[in-house]
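Here are the chains, one letter per residue:
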Amino acid sequence: MKSFDHFENKSSAMKTTIISLLSLYLLPVALSAQPTVTLNEFYHIGDVIKMVNCSAANVNAGASGAGVTWDFSTLSPSGTFSITTVAQDTSSIFMNANILVTMPNGLKEHIQQSNSDSYIQGITDTFHNIIYNYYDYDISKRPVTFNTVYASTYRVIVSDPATIGRGQLTQTGDAYGKLILPSGTYNNVLRIKKLQTEVDTQTTTSITYLYTTTISYLWFDETKHYPLLRIDSVIGSLSQSNTVMYTAI
């Protein structure tokens, strides 16, 4: 006759097996859990953000949706970096700005930043001595999760050359999943898509209409305030460009 202990041990083993199998089935779900991003482009004074520039040839943003895997492990670095720095804003022109972001191209963005929004008050181009004054230009809204959509309109005024512009920016949490980069693999990543259109009216000897459409994809996890990867495409009346970069931090 088999002992009671034998049945108890067998039952315990069966429970362990069932729990183990459940863990295997549940693991992919846990890895692809829908993230909520609250730090996207929320910068701090003293930040130095270093991104690896890559060739944009044959690179596309990939699929949207839930539980996506983006494999960018074969990105080809160009050997250069894009560096963005953040300092306290002390401008006497843009009084509401609290951070000054110096972009890789040298332009300086005067930003009024809070936990929920990042409004560009103005941009200074010290190389050409041009100041861009912006109104209601919210470049990053927080928090963002899958299918979150923010849409806003803004104005820009430039004194020299005399220009008035109007634009619209739509920010969407269009996908989440796993991101594979040359530098590593990241789970629970949210992709943010930005679609920006702007029409500028420049007054010189005549009126010229300048059109610009910018599509940007930025991948964030829940712990970092800079993008793990970004892809930007700019199509304008005068030129167009495509750039790809991933974090070097």
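Our structure's up above, just so we're on the same page.
Residues numbered from 1 in each chain as written. Predicted model: local features only at pLDDT ≥ 70, side-chain atom pairs only at ≥ 80, totals over all residues. Heavy atoms only, no water.

Caption draft 1: Layout of the overall build of the chain. Looking only at helices and strands, the chain features one helix and 15 strands. Put simply, of all contacts in the chain between residues at least 6 apart along the chain, 55% involve residues at least 24 apart. A total accessible area of about 13,900 Å² is found for the chain, and carbon and sulfur atoms account for 56% of it. (Helix = DSSP H or I, 4+ residues; strand = E, 2+ residues; numbered from the N terminus. Contact = heavy atoms within 4.5 Å. Areas by Shrake-Rupley, 256 points an atom, 1.4 Å probe, with all protein chains shown as cover.)

Caption draft 2: Molecular detail of the pairing of strand E12 (residues 184-203). Bridge count for strand E11 (residues 163-181) against E12 is 17 bridges, and the pairing is antiparallel. Looking at the pairing, Gly173 lines up with Ile192 of E12. Joining the antiparallel neighbours E11 and E12 is a turn of two residues. Of the strand pairs in this sheet, E12 and strand E13 (residues 207-220) are connected by 14 bridges, and their pairing is antiparallel. Across the sheet, Glu198 pairs through a bridge with Thr212, a residue of E13. (Pairing = 2+ DSSP bridges.)

Caption draft 3: Structural view of the pattern of salt bridges. Using the criterion set out here, one finds six salt bridges in the structure. Close ionic contact of Asp221 with Lys224 constitutes a salt bridge, the shortest N to O distance being 3.0 Å. Of the charged contacts in the structure, one is a salt bridge between Asp232 and Arg230, with a shortest N-O distance of 2.8 Å. In this structure, a network of salt bridges that share partners links the residues Asp117, Asp138 and Lys141. (Salt bridge = Lys/Arg side-chain N within 4 Å of Asp/Glu carboxyl O.)

Caption draft 4: Representation of the environment of Ser114. Tracing the sequence through the fold places Ser114 in the loop between strand E6 (108-113) and strand E7 (117-125). When the C-alpha positions of Ser114 and Tyr43 are compared, they lie 9.9 Å apart, and in sequence the two are 71 residues distant. Among residues more than four places away in sequence, those in contact with Ser114 are Phe42 and Arg142.

Caption draft 5: Spatial organisation of the side chain of Gln171. Among the structural elements, Gln171 can be located in strand E11. Given a relative accessible area of 4%, Gln171 falls into the buried group. Among the polar contacts listed, one links the side chain of Gln171 to the backbone oxygen of Lys141, at a separation of 2.9 Å. Excluding its chain neighbours within four sequence positions, the residues that come into contact with Gln171 are Asn40, Ile139, Ser140, Lys141, Val144, Thr148, Val149, Tyr150, Ile192, Lys193 and Lys194. (Buried < 20%, exposed > 50% of the residue type's maximum accessible area, 1.4 Å probe, protein only. Polar contact = N/O pair within 3.5 Å; in protein donor to acceptor, adjacent residues only side chain to side chain.)

Caption draft 6: Spatial organisation of unusual backbone geometry. Cis geometry marks the peptide bond from Arg142 to Pro143, where omega comes out at -5 degrees. Along the chain, Pro143 falls in the loop between strand E8 (130-141) and strand E9 (144-145). Cis geometry marks the peptide bond from Asp160 to Pro161, where omega comes out at 0 degrees. Tracing the backbone through its elements, the reader meets Pro161 in the loop between strand E10 (149-158) and E11. Even without a glycine there, the phi angle at Glu41 is positive, about 55 degrees. Position of Glu41 among the secondary structure elements: in the loop between strand E1 (36-37) and strand E2 (48-54). Located in the positive-phi region is Asn188, a residue other than glycine, with phi close to 55 degrees. For Asn188, the position within the fold is in strand E12.

Caption draft 7: Spatial organisation of the environment of Ile157. Along the chain, Ile157 turns up in strand E10. Ile157 sits 45 residues away from Gln202 along the chain, and the two C-alpha atoms are 10.0 Å apart. Each residue touching Ile157, except ones within four places of it in the same chain, is listed here: Ile131, Tyr132, Asn133, Tyr135 and Thr163.

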